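Single-letter residue listing:
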Amino acid sequence: MSYAHITGWGKCIPPARISNDEISQLVDTNDEWITSRTGIKSRRVSHVSTAELATVAAKHAIACAGIDAKDIDLVLLATCTPSTMVANTASLVQKNIGAIGAAAMDTNAACSGFLYAMQAATAQIQAGMIKKAVVIAAERMTWYVNWDRRDSAVLFGDGAGAVVLEAADTPAGLLGTKTGCDSEDRDILHITNFGSDIDKYSPAGPSDLLFEGREIFKRAVKGMSEACDDVLTQANLSLDEIDVLVPHQANLRIIQAIQHRLKVDDEKVMVNIGEYGNTSAATIAIALCEAVEQGLIKPHANIMSAAFGAGLTWAASYIKWGDRVKPIAISDATLPPCEQSGLELVAAAAAACKQ
Ligand code: ACO
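Residues numbered from 1 in each chain as written. Predicted model: local features only at pLDDT ≥ 70, side-chain atom pairs only at ≥ 80, totals over all residues. Heavy atoms only, no water.

A.B. asks: Explain the pairing of strand β11 (residues 244-247) to me, and be specific about the residues and the numbers.
C.D. replies: Here β11 shows no split at all, with Val-244 and Val-246 on one side and Leu-245 and Pro-247 on the other all buried. Inspection of the sheet shows β11 paired to strand β12 (residues 302-309) by 4 bridges, in the parallel sense. Bridge pairing in β12 places Pro-247 opposite Ala-306. (Buried < 20%, exposed > 50% of the residue type's maximum accessible area, 1.4 Å probe, protein only. Helix = DSSP H or I, 4+ residues; strand = E, 2+ residues; numbered from the N terminus. Pairing = 2+ DSSP bridges.)

Listed below in C-alpha cells is the structure:
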C-alpha cells in the first residue's frame, strides 16, 4: 500500500488589508457587528492574479519539501476564482514553477476545494499513477464581492496555500476522507451572471455573490460535523485522539460549533479567520500551513479538517502528519510590491457597485 505524505507546505498572503473600520467606509456596517457575528477583524485584497498567488504558495511548498519542481507529476489547483478558464490556471502555475510536463488541472468545489483536491491527488499517488503532486488552493474572492452589499462585503478575502504530496510506504498523509454534495440546495449559495449559461451579448449585469447566511450556517455545522463523524469511524479514531482541528474558516461561530460537537479543546483548534476572513478553498490550505509554522502541528499529529461550500459541497479529512515540521529549504519567492492600500485597490470596483 502506498501513501501520500505531506512533505512541503507554503502560503501566499497578499500584503494589502482592509480592516473592519475601513470596510465601514464602503458599506453600512461596523467593527462590533462584524467581530461579534463572524470573528473577522480584517481581510486581504490581492493586487495580483490568482495564478500569481498560487505560484508563490507552490514555490514555498516545493522548497519546503526539498524537491526539484521538474520531478512533480501533477499540479492540482483548487479555485473558484481562476485567472483564466482556457487555458486553465494550473497550466500557468505549472509553467511559473517549472514543473515541466506535469499534468495541470483546475478543480472547483468552492470552499471544499482543497480537501477535494487532496483526495484526488492522494488517490492518484495511492494507485501508483504518480509519485509527486503539488496541491494548491488559491482564491481572489474580493473579485466577486459586491461592495454595495454589506452581508458579503465583510466576509471574503484573498490568499493561497499549497502542499507537496509524495509517495511513501508508511502510513501518513490523508488516511481518511469523505466528500459529498447536497445539490438540492445549490441555489442558497451562488454567483449570478457568470458562466456559459449567460447571454454573453447582452449580460444581465455584473455577477454577484448571493447566499442565505443563516441557512448555510446551520447546514455547515451539521454537514461538517457529520462528515467528521464518518471519517473518524472510517479511520477508527476516537475524539480524544484528535490533536489538531483545522476547519474551513467561514465564521468563528461555525468553527466553535463544530469544535464543541467534536469536543475539541480551544488550544487544538487552528483559527486565523480574524486576520484573513473567508478565502474559500484557500482557508484550509493556509490554516494547515500556519498550524505547522506556529507549532500547533507536531510530528505524527492526528489532524481533522472539514469544509463546506457552494454546491453545497462538503468534505472532511483525517490527515496524519509525518516526521518533519521544519522546511528543508526556504524559497525567496514573493509577490511584486504593492503600492496601494486595500481600500485603494477596491476603490474603482466599489464606485462601480454603487452606480
Ligand atoms: N453589518 C451590519 N449588519 C448586518 C451586516 C453587516 N455586515 N450583514 C447583515 N446585517 C444585518 C442584517 O441586515 C440583519 O438585520 P435585520 O435584523 O434588521 O434584518 C441582521 O444583521 C442579522 O442578519 P443575519 O443574516 O441574520 O445575520 P447572521 O447572524 O446570520 O450573520 C452571516 C450573517 C455572518 C453571513 C452568517 O449567517 C454566516 O456566517 N453564515 C454562514 C457563512 C456564509 O454564509 N458564508 C458565505 C458563504 S461561503 C461559505 O464558506 C460557506
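A.B. asks: Tell me about the packing of aromatic side chains, and name the residues and values.
C.D. replies: Using the criterion set out here, one finds 4 aromatic pairs in the structure. Measuring from ring centre to ring centre gives 5.4 Å for Trp-143 and Tyr-144, while their planes differ by 70°; the resulting arrangement is edge-to-face. Among the residues examined, Trp-143 registers a relative accessible area of 52% and is labelled exposed. Following the ring pairs from residue to residue traces out a cluster consisting of Trp-143, Tyr-144 and Phe-194. (Phe/Tyr/Trp six-rings, centres within 6.5 Å; stacked < 30°, edge-to-face > 60°.)

A.B. asks: Hey, could you go over the site of the ligand for me, with residue numbers and the actual values?
C.D. replies: Residues in contact with the ligand amount to 24 residues; listed here are only the nearest, Thr-29, Arg-37, Arg-214, Asn-251 and Asn-278. Here an oxygen atom of the ligand sits 2.5 Å away from a polar atom, N or O, in the side chain of Arg-214. Take His-248: an N or O atom from its side chain is 2.9 Å from an oxygen atom of the ligand. With the chains in place, 76% of the 1,000 Å² that the ligand exposes on its own is no longer accessible. Those elements that provide at least two residues to the shell around the ligand are α2 (31-38), α6 (150-153), α7 (213-235) and α8 (252-262). With 4 residues, the single largest contributor to the shell around the ligand is α7. Looking at the shell around the ligand residue by residue, the class counts come to 12 nonpolar, 6 polar and 6 charged. (Near = heavy atom within 4 Å. Polar contact = N/O pair within 3.5 Å; in protein donor to acceptor, adjacent residues only side chain to side chain. Areas by Shrake-Rupley, 256 points an atom, 1.4 Å probe, with all protein chains shown as cover. Nonpolar A, V, L, I, M, F, W, Y, C, P; charged D, E, K, R; others polar.)

A.B. asks: Give me the domain arrangement of the chain: which residues, what numbers.
C.D. replies: Assigned domains of the chain: these are domain 1 (3-171 + 333-353) and domain 2 (175-320). Once you take the C-alpha centre of each, domain 1 and domain 2 turn out to be 15 Å apart. Listed by partner, the interface residues are 48 residues for domain 1 and 47 residues for domain 2. At the boundary of domain 1 with domain 2, total buried surface from both sides reaches about 3,700 Å², with 64% on carbon and sulfur atoms. Counting the surface domain 1 buries against domain 2, the share from its top three residues, Cys-111, Leu-115 and Tyr-144, is 19%. Scanning the region where domain 1 abuts domain 2 turns up 4 salt bridges. Across the salt bridge formed by Arg-17 and Glu-275, the nearest N and O atoms sit 3.8 Å from each other. (Domains from an automatic or database assignment. Contact = heavy atoms within 4.5 Å. Buried area = accessible area lost by both parts, 1.4 Å probe. Salt bridge = Lys/Arg side-chain N within 4 Å of Asp/Glu carboxyl O.)

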